[in-house]
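Remarks on the overall topology
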Amino acid sequence: MDFSIRAANVEDCKDIARMIRELAEYEKVADQVKVTQKDLEQDGFSKNPFFHGIVAEVPEQHRTKEGHTKIGYALYFYSYSSCAGRSIYMEDLYVMPEFRGKGIGKALMSKVAQLGLAAGCNQLNFTVLDWNKSSVDFYLSQGCVDVTDKIGYHCMRCEGEALEHLAQP
């Protein structure tokens, strides 16, 4: 399958927002998506972006029946590990179902890894749902390790009223 991977630009935000909703439906968390196209435009393409993105695109002759040529994406940002130093965090990796199994997800993840190495990062971090066996197996096949099993880390979150309460002096 002919496809290309490139840096996302502000014009891609409509398609990225669409694919975020598709990913959330697949992960059974569609009700939790609050990010809009406008949020993506502001947060990813301002002077100090909160994230970076790449998109997978197919030629017009391979577009979806809905007419989409942007068929996958990855969002990432740089972080820092007190143990390992510079890190890159992959927030999302998504390929539309009809394009899976064609090397597109591997190419997206490989590009995020390349960008991390170019920035001097020592690790690529991400989360995956425990029930998503095909993704877990894919990541393990790429040499990734499950730090929940290996080290015992759990991914924690504080949001909404709890975040507001925590922020009180």
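Rules of the game
Residues numbered from 1 in each chain as written. Predicted model: local features only at pLDDT ≥ 70, side-chain atom pairs only at ≥ 80, totals over all residues. Heavy atoms only, no water. Helix = DSSP H or I, 4+ residues; strand = E, 2+ residues; numbered from the N terminus. Rg over C-alpha atoms; globule rule 2.2 N^0.38 Å. Buried < 20%, exposed > 50% of the residue type's maximum accessible area, 1.4 Å probe, protein only. Contact = heavy atoms within 4.5 Å. Areas by Shrake-Rupley, 256 points an atom, 1.4 Å probe, with all protein chains shown as cover. Lys, Arg positive; Asp, Glu negative; His and termini not counted. Charge placed at Lys NZ, Arg CZ, Asp CG, Glu CD. UniProt positions renumbered as here; feature names shortened; annotations may be inferred. Salt bridge = Lys/Arg side-chain N within 4 Å of Asp/Glu carboxyl O. Core = buried A, V, L, I, M, F, W, Y, C linked by side-chain atoms within 4.5 Å.

Moving on, we get to the overall build of the protein chain. Within the protein chain one finds six helices and five strands. For the protein chain, the α and β elements follow one another from N to C terminus as β-α-α-β-β-β-α-β-α-α-α. In terms of C-alpha radius of gyration, the protein chain reaches 17 Å, essentially the compact-globule figure of 15 Å for 169 residues. Counting across all 169 residues of the protein chain, residues that qualify as buried make up 31%. Sequence-distant contacts in the protein chain: of pairs separated by 6 or more residues, those separated by 24 or more amount to 60%. Total accessible area computed for the protein chain in this model is approximately 11,100 Å², and 52% of it derives from carbon and sulfur atoms. Of the side chains in the protein chain, 19 bear a positive and 24 a negative charge, and the two mean positions are spaced by 5 Å.

On the UniProt side, "coiled-coil region" (unreviewed entry) is annotated at positions that read residues 16–43 here. As annotated, residues 16–43 has a helix share of 64% and a strand share of 0%, and its two end C-alpha atoms lie 13 Å apart.

Next up on the list: the pattern of salt bridges. A full pass over the atoms with the stated rule returns nine salt bridges. The salt bridge involving Arg18 is made with Asp15; its shortest N-O contact spans 3.1 Å. Pair noted here: Arg18 and Asp15 are both in helix H1 (residues 13–26), with a separation of three residues, about one helical turn. The class of Arg18 is buried, set by a relative accessible area of 10%. You can call Asp15 buried: its relative accessible area is 16%. In this structure, Arg63 and Glu60 form a salt bridge, with 3.2 Å as the shortest nitrogen-oxygen distance.

Let's shift gears to the nonpolar core. One finds Ile16 and Tyr73 to be the most contacted residues of the largest nonpolar core, which totals 31 residues. Dropping the residues within four chain positions of it, Ile16 is found in contact with Ala8, Leu40, Val55, Tyr73 and Leu75.

Below, the discussion takes up the side chain of Thr69. Checked against the element boundaries, Thr69 lands in the loop between strand S2 (52–57) and strand S3 (70–81). Judged by relative accessible area, Thr69 falls into the buried class, the value being 14%. Excluding its chain neighbours within four sequence positions, the residues that come into contact with Thr69 are Ala56, Glu57, Val58, Pro59, Glu60 and Arg63.

With that out of the way, let us pick up the UniProt feature "domain: N-acetyltransferase" (unreviewed entry) in the protein chain. Mapped onto this structure's residue numbering, the UniProt feature "domain: N-acetyltransferase" (unreviewed entry) falls at residues 3–161. Structurally, residues 3–161 comprises 33% helix and 23% strand, and the distance from its first C-alpha atom to its last is 43 Å.

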